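Per-entry structural report
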Amino acid sequence: MIDFDKNLLIQKAMSVRENAYAPYSNYQVGAALLTNSGRVFTGVNVENSAYPVTMCAERSSVFKAVSEGEREFAAVAIATSNGGTPCGSCRQVLAEFGLDTLVILVDENGLVTEEMTVAELLPKAFTPSDLV
Ligand code: THU
């Protein structure tokens, strides 16, 4: 695990959360994903009037990072109003890139409500190694 400033990652997740586009659920989510190379990619949930098209904050951050050539992630801070946990699709997408990524959940006050690895979030995950 690289050395990183957990509070800074949390701050980035909380501040990007303000950009969430969530007019339907009114449940804003912000994510800040730290790569093993030390870069941070943020993401927010982006809802759509065609509801299922909505994209979650966690996957937004992963897709941004992968688009920029990053595939190894040390940690992700996720900010919501109440410390809600990542949905199943986001767990699966995080698992694709590593089970050891640390997931830090914070509420709107910046209080860490839970901290766990992707492996703990998604036990017995189906990963690329299952395909060989
Ligand atoms: N949401 C996320 O951004 N991440 C999750 O892991 C859970 C759900 C978003 C999707 C939708 O915009 C809103 O939260 C309510 O489901």
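For the structure itself, consult the block above.
Cut-off values and rules
- Residues numbered from 1 in each chain as written.
- Predicted model: local features only at pLDDT ≥ 70, side-chain atom pairs only at ≥ 80, totals over all residues.
- Heavy atoms only, no water.
- Near = heavy atom within 4 Å.
- Polar contact = N/O pair within 3.5 Å; in protein donor to acceptor, adjacent residues only side chain to side chain.
- Areas by Shrake-Rupley, 256 points an atom, 1.4 Å probe, with all protein chains shown as cover.
- Nonpolar A, V, L, I, M, F, W, Y, C, P; charged D, E, K, R; others polar.
- Pairing = 2+ DSSP bridges.
- Helix = DSSP H or I, 4+ residues; strand = E, 2+ residues; numbered from the N terminus.
- Axes fitted to C-alpha atoms, helices over the stretch in contact; angles between N-to-C directions.

1. A few points about the site of the ligand
Taken together, the neighbourhood of the ligand is formed by Ser25, Tyr27, Val29, Asn45, Glu47, Thr54, Cys56, Ala57, Glu58, Pro86, Cys87 and Cys90. Within the side chain of Glu47, one N or O atom sits 2.5 Å away from an oxygen atom of the ligand. Here an oxygen atom of the ligand sits 3.0 Å away from a polar atom, N or O, in the main chain of Ala57. Protein chains shield 78% of the accessible area of the ligand, which is 370 Å² for the free molecule. Residue classes in the shell around the ligand are distributed as seven nonpolar, three polar and two charged.

2. Looking at the sheet that holds strand β2 (residues 40-44)
Overall, mixed pairing links the five strands, which are arranged β2-β1-β3-β4-β5 in an open sheet. Edge strands, defined here as strands with exactly one partner in the open sheet, are β2 and β5 (112-117). The sheet shows a mean angle of 15° between the axes of neighbouring strands, direction not considered. Across five bridges, strand β1 (residues 30-35) lies against β2 in antiparallel orientation. Bridge pairing in β2 links Ala32 to Thr42.

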